[in-house]
Amino acid sequence: MPDFIAEPAFEIGRRLEMRGLDSGAWSVALKPAQDPDGALEDFAMDLAAKFDVPVRQVCATGRPVGQLRADLHAPDDDTVLITGLDRFDLDHWRALDINRSGLARRGPIVLWLSAEGLTGLCRWAPNLKSFIGGSMFVVAGHGGMMTAEERQQRLEQLTAHYRMSGEEVIRRAESGALPTEPQFVEWLVLLGRGDLV
Amino acid sequence: MRKLNPTAPARTAIESGLVVEGLHSSLYRTLAARADLDPGSQQLLVGGVGSGKTTELLLAEKWLQEQRQTLPLYIDISAETDLSGLNSGAVLAGFGRKLAEAFFEAGFGESLPFRQKIRLKGVQQKIRDFAFGRTELVFVPDDDFVPDDDDAPPDLDYPPDFDSDDAQYSRPGSFVTHRVPGKLNPPPFPALQRDIEAIREPLVSFICAVQSRSLDVVAILDGLDRLITPDKFWEIVHQDFRVLREMRVAVLAAAPLSVLYGTGRPVSEHFDRVHHIATLRAEPDDNSYLKSVLSHRGGTDLLEPDEVELVCSASGGVLRDLIALARDAGETAYIGGSERILSAHVETATRQLGESYLRGLGPAQFVILRRLAKERFFDAGSPASIEMLVTRRVLEYSATDFRVHPALEPLIPKPD
């Protein structure tokens with residue numbers, strides 16, 4: 001597996017959220033070699049849970065570029081996970097690459113790739129790769145839900161960053177004084193108080 | 001941090017005041033002034049991926065609009081059609097469509113006599129047909145027909161321009177529906193000389209109508225740089241560009257970096273001027289432009305001076321990489337729960353970027369990169385070297401100064 005950062009779906013989702021869900025950000029999620037189909041479903045579900053809206057899967061296999069472009073723009077502001085790119089050869093990647101302007105949209109795009117698919121992208125699609133930059137992440141832990149340890153770690157990060165305890169967050173939410181930023185929503189959910197969102 | 005968006009549309013970045021206009025010695029003014037003064041001139045803008053070509057073209061458009069001497073038309077062909085199947089005639093189709101739209105949007109049609117306005121609307125439809133195709137009825141004679149006195153006249157769908165006295169209709173036959181493909185519809189067919197002649201007249205109608213207002217037309221063609229190889233670029237543009245020159249339409253076009261080197265050089269010789277956006281200097285004592293880009297986007301508020309230097313250096317002067325590195329370092333710091341962005345966060349972002357450049361390379365490419373890194377040897381004319389330039393693994397600072405992308409260089413494997 002390539003030497004890219006390993007991150008679970010919710011952290012990749014946090015990156016997309018920081019960029020803005022209307023930023024047109026492009027990223028690559030590198031799928032695990034074992035049980036990639038199961039990992040894809042988990043990954044899509046976790047991203048959807050993170051954003052609280054469905055994540056649309058678009059399979060590129062057998063789709064002409066014009067059709068793919070139409071799919072990405074109907075609508076153009078949701079989060080799209082593009083699959084089916086792993087068997088693309090030079091001609092397929094070049095066709096996508098040449099049409100980068102037509103594929104650009106407001107919502108984020110995540111390419112779901114194997115190591116082989118990533119090699120094709122980096123070799124034959126310099127314009128797409130330029131949009132992605134270093135935003136290539138190995139999907140950690142099969143992209144599954146957070147473990148208890150990950151949950152605790154995240155709660156500690158939030159506490160340190162906002163210098164606020166979990167009790168304080170709940171108290172503020174109950175009094176309607178909690179900011180509405182996504183991080184506070186995530187915090188409440190992690191505390192088991194999604195009812196206060 | 002949202003200002004640090006390396007994929008934001010260039011027009012949005014300009015309108016939001018996030019663009020440093022003097023970055024490339026006000027290249028956009030040089031481009032625009034030549035187009036303004038010399039109708040029919042043809043200039044290419046060449047630069048690597050992520051170097052800011054679209055921004056320069058849009059700034060040129062804005063400058064020309066402010067001068068009020070021309071009607072500048074910015075057209076990104078790749079945003080409108082499947083460029084991978086593009087063929088000759090497509091540039092003229094995209095240009096004509098935009099010209100007609102801009103003409104009426106600018107209100108030029110309002111002051112025209114009614115007849116002329118209606119005529120131009122009809123001309124606009126012809127341009128649409130050329131771009132997107134049309135359906136027509138074609139008369140097909142029936143060769144097996146045996147005349148019979150009792151035969152009744154056939155019940156046919158007649159085309160609008162049907163003339164019963166026309167000799168071709170004297171024989172038995174029938175009309176069939178025939179689809180004429182457009183130049184922007186997939187799969188587009190190459191424009192034949194007669195297609196080009198057919199579109200010339202409608203275009204001239206609009207250009208004359210614009211010129212009667214003492215305005216010249218400037219076509220600003222973006223997206224053609226995606227046609228990475230010089231032969232593909234030339235195959236698509238040469239016929240269309242010749243027509244634009246004959247019609248005294250000035251052209252500013254983005255072109256692939258490969259037209260500067262090797263077999264691409266003869267292509268660039270067809271143009272009045274080729275402007276090269278060289279990669280910006282990234283050394284600590286010569287990176288003020290890069291810092292100004294970060295500053296314009298709030299990067300210097302997020303990053304300490306040492307980390308700004310690291311980001312500038314690791315970007316190699318590639319603008320899109322610069323912005324992405326600053327953003328990615330910020331994200332990594334935030335996800336790690338850090339109060340501030342540290343050198344380690346910039347290093348993580350740099351490593352990610354370097355890995356992305358490393359992926360897809362093989363032993364032959366490693367030899368080229370190692371020779372450049374160690375011996376400063378680089379044969380810019382060889383196809384393998386040009387591929388390194390096009391994919392930004394190698395950056396060009398001048399005609400003789402080539403270097404391995406600094407994020408990639410430390411990751412090149414050592415020879416066995």
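Treat the numbers as computed from the prediction; the structure is a model and nothing was measured.

Some points on the overall build of chain B
- Regarding its fold elements, chain B presents 16 helices and nine strands.
- Each principal axis of the C-alpha distribution contributes one length, and for chain B these read about 95 × 55 × 45 Å.
- Taking all 416 residues of chain B together, the buried fraction comes to 46%.

Thoughts on the interface of chain A and chain B
- Residue-level contacts link 41 residues of chain A with 36 residues of chain B.
- Listing elements by their share of the side of chain A that touches chain B, those giving two or more residues are helix H1 (9-19), helix H3 (65-72), helix H4 (90-98), helix H5 (100-103), helix H6 (115-124), helix H7 (126-132) and helix H8 (148-162) of chain A.
- It is H7 of chain A that contributes the most residues to the side of chain A that touches chain B, six residues altogether.

A word on the sheet that holds strand S5 (residues 216-222) of chain B
Residue and element names in this part refer to chain B.
- Strand order in this open sheet of five strands is S2-S5-S6-S1-S7, and the pairing throughout is parallel. Pairing within the sheet leaves two strands with one partner each, and these edge strands are strand S2 (70-76) and strand S7 (273-277). Taking each pair of neighbouring strands and ignoring which way they run, the sheet shows an average axis angle of 15 degrees.
- Most of the contacts of helix H3 (residues 53-67) go to S2, to which it runs at about 160 degrees, and overall it touches strand S1 (42-47), S2, S5, strand S6 (250-255) and S7.

Thoughts on the pairing of S2 of chain B
Residues and elements named next belong to chain B.
- Taking burial as the measure, the seven residues of S2 include seven buried ones, the bulk of the element.
- Where burial is concerned, the two faces of S2 agree: the one with Thr70, Pro72, Tyr74 and Asp76 and the one with Leu71, Leu73 and Ile75 are both buried.
- Where S2 meets S5, seven bridges bridge the pair, whose relative direction is parallel. Among the inter-strand pairings, Asp76 is bridged to a residue of S5, identified as Asp222.

Topic: helix H5 (residues 90-105) of chain B
All names here are of chain B.
- Between its terminal C-alpha atoms H5 stretches 22 Å, which fits the 22 Å expected from 16 residues at 1.5 Å a residue.
- Those residues of H5 lying buried are Ala90, Val91, Leu92, Ala93, Gly94, Phe95, Gly96, Arg97, Leu99, Ala100 and Phe103.
- The first or second residue beyond H5 is Gly107, which carries a positive phi of 80 degrees.

Side note on the domain arrangement of chain A
- When its domains are assigned, chain A resolves into domain 1 (6-143) and domain 2 (148-192).
- Taking only C-alpha atoms, the centre of domain 1 of chain A and the centre of domain 2 of chain A are 29 Å apart.

Some details on the pairing of strand S3 (residues 56-59) of chain A
Residues and elements named next belong to chain A.
- As paired strands, S3 and strand S4 (residues 80-83) are joined by four bridges and run parallel to one another. Residue pairing across strands places Arg56 opposite Val80, the latter belonging to S4.
- You can see the chain leave S3, run along H3 and come back into S4, and the turn it takes is right-handed.

Side note on unusual backbone geometry
- The step from Ala74 of chain A to Pro75 of chain A runs through a cis peptide bond, and the omega angle for that step is 0 degrees.
- In this fold, Pro75 of chain A is placed in the loop between H3 and S4.
- Unusually for a residue other than glycine, Arg163 of chain A sits at a positive phi of about 50 degrees.
- The phi dihedral of Arg392 of chain B falls on the positive side, at around 70 degrees, and the residue is not glycine.

Comments concerning the sheet that holds strand S5 (residues 109-113) of chain A
Residues and elements named next belong to chain A.
- Strands sit in the order S1-S6-S2-S5-S4-S3 across an open sheet of six strands; the sheet is parallel. Among the strands making up the open sheet, the edge pair consists of strand S1 (6-7) and S3.
- Pairing geometry for strand S2 (residues 26-30) and S5, over five bridges, is parallel. For Trp26, the partnering residue across the bridge sits in S5 and is Ile109.

Some remarks on the packing of H5 of chain B against helix H8 (residues 230-246) of chain B
Residue and element names in this part refer to chain B.
- Axis separation between H5 and H8 bottoms out at 8 Å; the angle between their running directions is 45 degrees. Taken together, the axes of H5 and H8 are oblique relative to one another. Between H5 and H8, the contacting residues are Ala90, Val91 and Leu92 on the first element and Ile236, Val237, Asp240 and Val243 on the second.
- Its residues assigned to classes, the contact of H5 with H8 comprises six nonpolar, no polar and one charged.

Comments concerning the packing of helix H2 (residues 27-37) of chain B against H3 of chain B
Residues and elements named next belong to chain B.
- Running from amino to carboxyl end, H2 crosses H3 at an angle of 50 degrees, the nearest separation of the two axes being 8 Å. By the angle class used here, H2 and H3 are oblique. As for the relative orientation of H2 and H3, their crossing is right-handed in sense. For the pair H2 and H3, the contacting residues are Leu27, Tyr28, Arg29, Leu31, Ala32, Ala35 and Asp36 in the first and Glu56, Leu59, Ala60, Trp63, Leu64 and Gln67 in the second.
- Of the residues belonging to the contact of H2 with H3, the class tally is nine nonpolar, one polar and three charged.

A short note on the confidence of the model for chain A
- Per-residue confidence for chain A gives a mean pLDDT of 87, with 93% of residues at or over 70.
- For chain A, per-element mean pLDDT is lowest for helix H10 (residues 182-190) of chain A, which scores 75, and highest for S5 of chain A, which scores 97.

Quick notes on H3 of chain B
- Over its 15 residues, H3 of chain B extends 21 Å from the first C-alpha to the last, a length consistent with the 21 Å expected when each residue adds 1.5 Å.
- Arg68 of chain B sits one or two positions beyond H3 of chain B and adopts a positive phi of about 60 degrees.

Here is what the cut-offs are and how they apply
Residues numbered from 1 in each chain as written. Chains lettered and ligands numbered in written order. Predicted model: local features only at pLDDT ≥ 70, side-chain atom pairs only at ≥ 80, totals over all residues. Helix = DSSP H or I, 4+ residues; strand = E, 2+ residues; numbered from the N terminus. Buried ≥ 20, exposed ≤ 12 C-beta atoms within 10 Å, placed from the backbone. Contact = placed C-beta atoms within 7 Å. Pairing = 2+ DSSP bridges. Axes fitted to C-alpha atoms, helices over the stretch in contact; angles between N-to-C directions. Expected span 1.5 Å × (residues − 1). Domains from an automatic or database assignment. Right-handed = clockwise from strand over helix to strand, strands pointing away. Parallel < 35°, antiparallel > 145°, perpendicular 65-115°, else oblique. Nonpolar A, V, L, I, M, F, W, Y, C, P; charged D, E, K, R; others polar. Left-handed = near helix turned anticlockwise from the far one by under 90°. pLDDT = per-residue confidence, 0-100.

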